[in-house]
Amino acid sequence: MDVTCEIIGEGVEELDLAPDATYGDLLEAVELSTHEASVLVDDSPVPADQPVEADSVRVLRLIKGG
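Residues numbered from 1 in each chain as written. Predicted model: local features only at pLDDT ≥ 70, side-chain atom pairs only at ≥ 80, totals over all residues. Heavy atoms only, no water.

1. What about the pairing of strand β1 (residues 2–7)?
For clarity, the cut-off: Classification of residues uses two cut-offs on accessible area relative to the type maximum, computed with a 1.4 Å probe and protein chains only: under 20% is buried, over 50% is exposed, and between them is partly exposed. Only runs of H or I of at least four residues qualify as helices and only runs of E of at least two qualify as strands under DSSP, and these elements are numbered from the N terminus. When DSSP finds at least two bridges between two strands, those strands are taken to pair.
By the alternation rule, side chains of β1 split into Val3, Cys5 and Ile7, which are all buried, and Asp2, Thr4 and Glu6, of which none is buried. Across 6 bridges, the pairing between β1 and strand β2 (residues 11–16) is antiparallel. Looking at β2, one finds that Asp2 is bridged to Asp16. Hairpin connection from β1 to β2: 3 residues lie between these consecutive antiparallel strands, with Gly9 at a positive phi of about 80°. Where β1 and strand β5 (residues 56–61) come together, 4 bridges link them in parallel fashion. Note that in β5 the partner of Thr4 across the bridge is Ser56.

Structure follows, in structure tokens:
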């Protein structure tokens with residue numbers, strides 16, 4: 001499954017996920033955890049354990065290192 005993932009303020013990645021991937025798996029694919037980022041579909045957060053159904057998502061980092 002191909003998904004366009006915009007990490008807000010950082011860029012866009014094209015991901016190739018397994019057909020049964022969850023939004024938590026999507027975060028792992030962009031090297032983020034559910035503790036440091038949320039996935040948004042149509043500007044609404046989705047649970048990490050929900051299967052990916054959107055072909056375009058936005059990821060909002062909740063924590064930025066420094």
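2. Structural notes on the sheet that holds β2
Read across the sheet, 5 strands follow the order β2-β1-β5-β3-β4 without closing on themselves; strand pairing throughout is mixed. Each end of this open sheet is capped by a strand with a single partner; those strands are β2 and β4 (44–45). By the bridge criterion, 4 bridges tie strand β3 (residues 37–41) to β5 in an arrangement that is antiparallel. Bridging from a neighbouring strand, Ser38 pairs with Leu60 of β5.

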